[in-house]
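Okay, here's what each chain looks like letter by letter:
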Amino acid sequence: MATSVTPEPLGSAPHFEHQRRGREVGRVLVLNATYEPINVCTVRRAVVLLLKDKAEMIERAEWELHSATSTMARPVVIRLVSYVRIPRDTHRRKITRRAVFARDDWTCQYCGSRSNLTVDHVVPRSKGGPSSWENIVASCAPCNRRKGNSLPRQVGMHLSREPRTPNPNVFIQVASPTIPAAWRAYLAA
Ligand SMILES: [Zn+2]
């Protein structure tokens, strides 16, 4: 790490660029002080955290980033120096199709199909079912149609597992289209 660089206010990091990859590709896995994965950020954001000594480099790429005045390894995994308390409900709000599918392993929770996935309210909205993690599952279109406005048990359908708020790793998968090999050891929890 280039310690000669004077830390600057957040958001005004020197302009490091990938010399070999051309443009800023990929993301950086952010671990809490406890090594628990909490987030994914841009390379630029990771550089700011490293330069401000708010994070330490855990895994680095083989190539380097260059700015006009300094050089540093491209961060791949960083760890926050101080523990950040993640509010319990942080992830509750982020209910997206992709996150629901990722939580449910891209599998219909009624029949196990992996094609034609839709999002289903277990207790239909028309019956007061909330849009919560506990009431939304991945469902293939045929199962969704068959279920219609009924409760699963009314039409003899069963969930393969109880829907819950997903593990934070799900959001890391959603935020990064591909999971670099160097992240796997930290996501294996
Ligand atoms: Zn199905």
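Residues numbered from 1 in each chain as written. Predicted model: local features only at pLDDT ≥ 70, side-chain atom pairs only at ≥ 80, totals over all residues. Heavy atoms only, no water.

A. Summary view of the overall build of the chain. Of the regular secondary structure elements, the chain holds five helices and seven strands. Counting from the amino terminus, helix and strand elements in the chain follow one another as β-β-β-α-β-β-α-β-β-α-α-α. Within the chain, buried positions represent 43% of all 189 residues. Restricting the contact set of the chain to residue pairs at least 6 apart, pairs at least 24 apart contribute 62%. Total accessible area on the chain is roughly 10900 Å²; 48% of this is exposed by carbon and sulfur atoms. (Helix = DSSP H or I, 4+ residues; strand = E, 2+ residues; numbered from the N terminus. Buried < 20%, exposed > 50% of the residue type's maximum accessible area, 1.4 Å probe, protein only. Contact = heavy atoms within 4.5 Å. Areas by Shrake-Rupley, 256 points an atom, 1.4 Å probe, with all protein chains shown as cover.)

B. Region of interest: the coordination of the zinc ion. Those protein atoms acting as donors to the zinc ion are Cys108 (SG), Cys111 (SG), Cys140 (SG) and Cys143 (SG), and they sit at 2.3 Å. In this structure, the zinc ion is coordinated by four donor atoms arranged in tetrahedral fashion, with angles at the metal of 102 to 116°. (Donors = N, O, S within 2.8 Å, 3.2 Å for Na, K, Ca; no water. Tetrahedral: all angles 85-135°; square planar, octahedral: opposite > 155°, others 65-115°.)

C. Spotlight on the pairing of strand S7 (residues 136-140). S7 sits mainly inside the fold: five of its five residues count as buried. By the alternation rule, side chains of S7 split into Ile136, Ala138 and Cys140 and Val137 and Ser139, which are all buried. Bridge count between strand S6 (residues 117-121) and S7: five bridges; the pairing is antiparallel. The partner of Thr118 across the bridge, within S7, is Ser139. (Pairing = 2+ DSSP bridges.)

D. Highlighting the packing of aromatic side chains. For the coordinates displayed, the defined rule picks out two aromatic pairs. When the centroid spacing of 5.4 Å and the interplanar angle of 55° are considered together, the rings of Phe101 and Trp106 count as tilted. You can call Phe101 buried: its relative accessible area is 6%. Ring geometry for Trp133 versus Phe171: centroids 6.0 Å apart, planes at 85°, classification edge-to-face. Separated by 38 residues along the polypeptide, Trp133 in the loop between S6 and S7 and Phe171 in helix H4 (residues 168-175) bring together distant segments of the chain. For the pair Trp133 and Phe171, a shared accessibility class is recorded, and that class is buried. (Phe/Tyr/Trp six-rings, centres within 6.5 Å; stacked < 30°, edge-to-face > 60°.)

E. Focus on H4. Taken together, the buried positions of H4 are occupied by Asn169, Val170, Phe171 and Ile172. Its buried side turned inward, H4 meets strand S2 (28-31), strand S3 (37-41), helix H2 (97-103) and helix H5 (184-187).

F. Up close: the side chain of Arg74. Its place among the elements puts Arg74 in strand S5 (residues 71-80). With relative accessibility at 6%, the residue Arg74 sits in the buried group. In this structure the side chain of Arg74 is engaged in a polar contact, spanning 3.4 Å, whose partner is the backbone oxygen of Arg27. (Polar contact = N/O pair within 3.5 Å; in protein donor to acceptor, adjacent residues only side chain to side chain.)

G. Here's a closer look at the pattern of salt bridges. On inspection of all chains with the given rule, the structure shows four salt bridges. Among the salt bridges present, the one from Arg161 reaches Asp105, with a minimum N-O distance of 3.5 Å. Here Arg161, found in the loop between helix H3 (141-147) and H4, pairs with Asp105, found in the loop between H2 and S6; they are 56 residues apart in sequence, far enough to count as distant. (Salt bridge = Lys/Arg side-chain N within 4 Å of Asp/Glu carboxyl O.)

H. Structural view of the environment of Phe171. For Phe171, a relative accessible area of 11% corresponds to the buried category. Separated by 77 residues in the primary sequence, Phe171 and Lys94 have C-alpha atoms spaced 8.7 Å apart.

I. Region of the structure containing the side chain of Asn135. Along the chain, the position of Asn135 falls in the loop between S6 and S7. Asn135 gets classed as buried once you look at its relative accessible area, which sits at 5%. Engagement of the side chain of Asn135 in a polar contact is seen with the backbone nitrogen of Val123, the distance being 2.8 Å. A distance of 2.8 Å separates a polar atom in the side chain of Asn135 from the backbone oxygen of Pro130. Apart from the residues lying within four places of it in its own chain, the contact partners of Asn135 are Asp120, His121, Val122, Val123, Gly129 and Pro130.

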